[in-house]
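So the chains spell out like this:
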Amino acid sequence: MHHAIAQKTALHDLQAAQGGKMIDFHGWIMPVQFAGITAEHQAVRTSAGVFDLNHMGRLHLVGPGAVAFLTRHACRAVADMKAGAVRYGLVLAEDGTVEDDILVSREGEASFHIVVNAGNKEKILDMWRSAVPAGTILTDLSASQGMIAVQGPAALHLLQSLQLDGMTLKNYAFTDVSWRGTVVRLSRTGYTGEDGCECFLPVDRVGELWTAVVEAGAVRCGLGARDTLRTEAAMPLYGNELDRTVTPVEAGLGFAINKAGGFIGDQVVLAQLTRGPAKCLVGLRMQEKRVPRTGYPVVVEGQPVGTITSGTLSPTLGAAIGMAYVPAALALPGTTLSVDLRGTLVTATVVALPFYKRAK
Amino acid sequence: MSTRYLPTHEWARVDNGLVTVGLSAFAAGEVGEVIHVQLPTVGVAVLKGKPCAEIESVKSVNDIYSPVDGQVVEINPALAGQPELVNQDPGNAGWFMKVKPSGADPLAGLLSEAEYQAQLAK
């Protein structure tokens, strides 16, 4: 969804004043970096960083038809979720390709909170508003609810020092905490491959929380570090690894598919699960310190066999890494391929994903 | 000899009849950590304002434009192993190439230091 004028998040003025280098991202003016991508990346891997996520779409679905609606409109089962649980899921088209990837939190028997991608929010709202049954209500919370993420091995302790205690939360679970006269939702989720929380609270208090978290020691992080962190963790980005040309099976997201079916796109996706996909998302480690960038061809014996979806210089590995869709026969770890870097073929080895996994 | 600039942030300096070309400190800071520099081959002709090299940073890939017409006579051999020299010392050790200029006044029409700084301030 393109907007004529880029929108500012509730943290825009604060971030611009704090040295954020601002860029346009899906119609939002967002910081790409503060101190520098590598420094921010390392802070999240070793300590704690804070991210503005106010551009993300936040939806609320409540009513007697909510469970049945989500069971049909997302490919992940929700009926067996307990209140307080969070699940990653995807919204598919009839052909099994991906409309969006989402995070669903169950608040109660018939009440769900759903985070969708900034660039897909209007599309999802258009698709869902006409499909939600009478008596079940879909609301766009994006303008009234703020969202930031505090990520890193020190994130939970840092939040605890601010009387935001999520220490006993399980991964992919949330709790609502009273804080300075308001309520902050702490969700033990994130997009960095590191421990931490995503925090939701009324938008008029999100600046106060951002400032408190920074003063407690979290490093301000921009979209640049968010991208290098999620790439190391091999977490897909809509528009790169996910779009209307790939299915969750091809993307390696079989865990997020309801094997019982009953969702839009189930025939294609369940058949692929059974017989295996023709193409797969793989991790590539480059032999040279040169970045395989989005759109670069993957080549075998002079023939293009796939395309890079994301790539970066991994600060943790000190090597250039990327992801690409290639034929299943070329997807085994150890397979040698080439990437065409603007006319120069550079050797790459298929490696198991994720590139980085935190120690438990 | 004074340093002159292209508006696209390349610097040029004449020394012993050859024009040394590099990237401005401002641009080196903007592109971030440089990880690869694709330099032209010695002997090739370069044209003022046309791409002659490529600089890759963690963030992006950018063309380098030649500030002069001429022939490449030398490239910086250190950049193959130490591309970070472009960040550490863009005005000296991080130079890209030396060009034998084809014209008598090779730096004519390029920006002076003051003019370049004024462009950055806009």
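Residues numbered from 1 in each chain as written. Chains lettered and ligands numbered in written order. Predicted model: local features only at pLDDT ≥ 70, side-chain atom pairs only at ≥ 80, totals over all residues. Heavy atoms only, no water.

Student: Summarise the sheet that holds strand 3 (residues 28-33) of chain A; cite the residues concerned and give the values.
Tutor: Residue and element names in this part refer to chain A. Within the open sheet, the three strands sit side by side as 1-3-2. Their pairing is mixed. Looking along the sheet, the strands with just one partner apiece sit at the ends: strand 1 (7-8) and strand 2 (21-25). The sheet contact formed by strand 2 and strand 3 spans five bridges and is antiparallel. Considered in strand 3, the bridge of Lys21 is made with Gln33. (Pairing = 2+ DSSP bridges. Helix = DSSP H or I, 4+ residues; strand = E, 2+ residues; numbered from the N terminus.)

Student: Report on helix 4 (residues 121-129) of chain A, specifying residues and quantitative values.
Tutor: All names here are of chain A. Every buried residue of helix 4 is listed here: Lys121, Ile124, Leu125 and Trp128. Along the axis of helix 4, the buried residues cluster in a sector spanning 100°; they form a single face. Check the buried side of helix 4 and you find it contacts strand 5 (57-62), helix 3 (66-73), strand 6 (86-92), strand 7 (98-108), strand 8 (111-116) and strand 9 (137-140). (Buried < 20%, exposed > 50% of the residue type's maximum accessible area, 1.4 Å probe, protein only. Arc of directions from axis to C-beta. Contact = heavy atoms within 4.5 Å.)

Student: Got a sec to walk through the sheet that holds strand 5 (residues 45-46) of chain B? Specific residues and values, please.
Tutor: Residues and elements named next belong to chain B. Strand order across the open sheet formed by six strands is 1-2-3-9-8-5, with antiparallel pairing between neighbours. The open sheet has two free edges, formed respectively by strand 1 (4-5) and strand 5, since each of these has just one partner strand. By the bridge criterion, two bridges tie strand 5 to strand 8 (residues 70-75) in an arrangement that is antiparallel. Residue pairing across strands places Ala45 opposite Gln71, the latter belonging to strand 8.

Student: Go over the interface of chain B and chain A, please, and point to the residues and values.
Tutor: Listed by partner, the interface residues are 12 residues for chain B and 13 residues for chain A. Between chain B and chain A lies a buried interface of about 1,000 Å² when both sides are counted; carbon and sulfur atoms form 42% of it. Where chain B meets chain A, there are five salt bridges. A salt bridge links Arg293 of chain A to Glu56 of chain B; its shortest N-O distance comes to 3.0 Å. There are nine residue pairs in polar contact (both at pLDDT 80 or more) connecting chain B and chain A. Going through the elements one at a time, strand 4 (34-38) and strand 6 (51-57) of chain B are the ones with two or more residues in the side of chain B that touches chain A. The residue inventory of the side of chain B that touches chain A, partitioned by class, reads three nonpolar, four polar and five charged. (Buried area = accessible area lost by both parts, 1.4 Å probe. Salt bridge = Lys/Arg side-chain N within 4 Å of Asp/Glu carboxyl O. Polar contact = N/O pair within 3.5 Å; in protein donor to acceptor, adjacent residues only side chain to side chain. Nonpolar A, V, L, I, M, F, W, Y, C, P; charged D, E, K, R; others polar.)

Student: Describe the pattern of salt bridges, naming the residues involved and giving the relevant values.
Tutor: Residue and element names in this part refer to chain A. One pass over the full model with this rule turns up 21 salt bridges over all chains. Taking the shortest distance from any N to any O, the salt bridge between Asp95 and Arg244 comes out at 3.4 Å. Of this pair, Asp95 sits in the loop between strand 6 and strand 7 while Arg244 sits in the loop between helix 7 (223-232) and helix 8 (266-275), placing them 149 residues apart in sequence.

Student: Please provide a residue-by-residue account of the pairing of strand 15 (residues 279-286) of chain A, values included.
Tutor: Residues and elements named next belong to chain A. Summarising burial for strand 15: six of the eight residues are buried, a large majority. Strand direction decides the pairing type here: strand 15 and strand 20 (residues 344-351), joined by four bridges, are antiparallel. Looking at the pairing, Gly283 lines up with Val351 of strand 20.

Student: Could you give me a rundown of the packing of aromatic side chains, with the residues and numbers involved?
Tutor: In total, this model carries four aromatic pairs over all chains according to the counting rule given. Here Tyr5 of chain B and Tyr116 of chain B contribute two aromatic rings whose centre-to-centre distance is 4.2 Å and whose plane-to-plane angle is 5°, an arrangement assigned as stacked. Of this pair, Tyr5 of chain B sits in strand 1 while Tyr116 of chain B sits in helix 3 (residues 113-121); the two residues are 111 residues apart in sequence, bridging distant segments of the chain. According to the relative accessible area criterion, Tyr5 of chain B is buried, its value standing at 9%. Above the plane of the ring of Tyr356 of chain A lies Arg45 of chain A, whose end atom (NZ or CZ) is 3.9 Å from the centre. (Phe/Tyr/Trp six-rings, centres within 6.5 Å; stacked < 30°, edge-to-face > 60°. Lys NZ or Arg CZ within 6 Å of the ring centre and 35° of its normal.)

Student: Tell me about unusual backbone geometry, residues and numbers included.
Tutor: Of note, the bond from Leu353 of chain A into Pro354 of chain A is cis; its omega dihedral lies within 30 degrees of zero at 0°. Along the polypeptide, Pro354 of chain A turns up in the segment after strand 20. Unusually for a residue other than glycine, Asn16 of chain B sits at a positive phi of about 55°. With a relative accessible area of 75%, Asn16 of chain B lands in the exposed category.

Student: How would you summarise the confidence of the model for chain B if you had to cite specific residues and measurements?
Tutor: Averaged over all residues, the pLDDT of chain B equals 94, while 99% of them reach at least 70. Across the assembled chains, the prediction reports ipTM 0.76 with pTM 0.91. (pLDDT = per-residue confidence, 0-100.)

Student: Describe the layout of surface pockets, naming the residues involved and giving the relevant values.
Tutor: Residues and elements named next belong to chain A. Of the pockets and cavities examined, the second largest pocket occupies roughly 270 Å³. Surrounding the second largest pocket, 21 residues form its lining, Gln7, Trp28, Asn54, Lys121 and Ser142 being those nearest its centre. Those elements giving two or more residues to the lining of the second largest pocket turn out to be strand 1, strand 5 and helix 4. Among the residues making up the lining of the second largest pocket, the classes are represented as seven nonpolar, nine polar and five charged. Shared between two domains, the lining of the second largest pocket takes at least three residues from each, and those domains are domain 1 (7-55 + 143-232) and domain 2 (57-136). (1 Å grid on protein atoms, 1.4 Å probe; cavity = no way out; pocket = protein on both sides within 12 Å on 5 of 7 lines; lining within 4 Å. Points joined across faces, edges and corners; volume = space filled by probe spheres on them. Domains from an automatic or database assignment.)

Student: So what about the domain arrangement of chain A? Which residues, and what values?
Tutor: Residues and elements named next belong to chain A. Partitioning chain A into domains gives domain 1 (7-55 + 143-232), domain 2 (57-136) and domain 3 (279-360). Just the C-alpha atoms count here: the centres of domain 1 and domain 2 sit 23 Å apart. Between domain 1 and domain 2, the residue contacts involve 16 residues of the former and 15 residues of the latter. Summing both partners gives a buried area of about 1,100 Å² for domain 1 against domain 2, and 57% of it is carried by carbon and sulfur. Applying the counting rule to domain 1 against domain 2 returns one salt bridge.

Student: I'd like to hear about the pairing of strand 6 of chain B, residue by residue, with values.
Tutor: A regular strand places its side chains on the two faces of the sheet in alternate fashion. Residues and elements named next belong to chain B. With six of seven residues buried, strand 6 lies mostly within the body of the structure. Here strand 4 pairs with strand 6 via four bridges, running antiparallel. Each residue of the ladder has a partner; that of Val37, found in strand 6, is Ile55. Summarising the sheet, strand 6 and strand 7 (residues 61-65) pair through five bridges and their orientation is antiparallel. Directly across from Ala53, in strand 7, lies its bridge partner Ile64. Hairpin connection, strand 6 to strand 7: the antiparallel pair is bridged by three residues.

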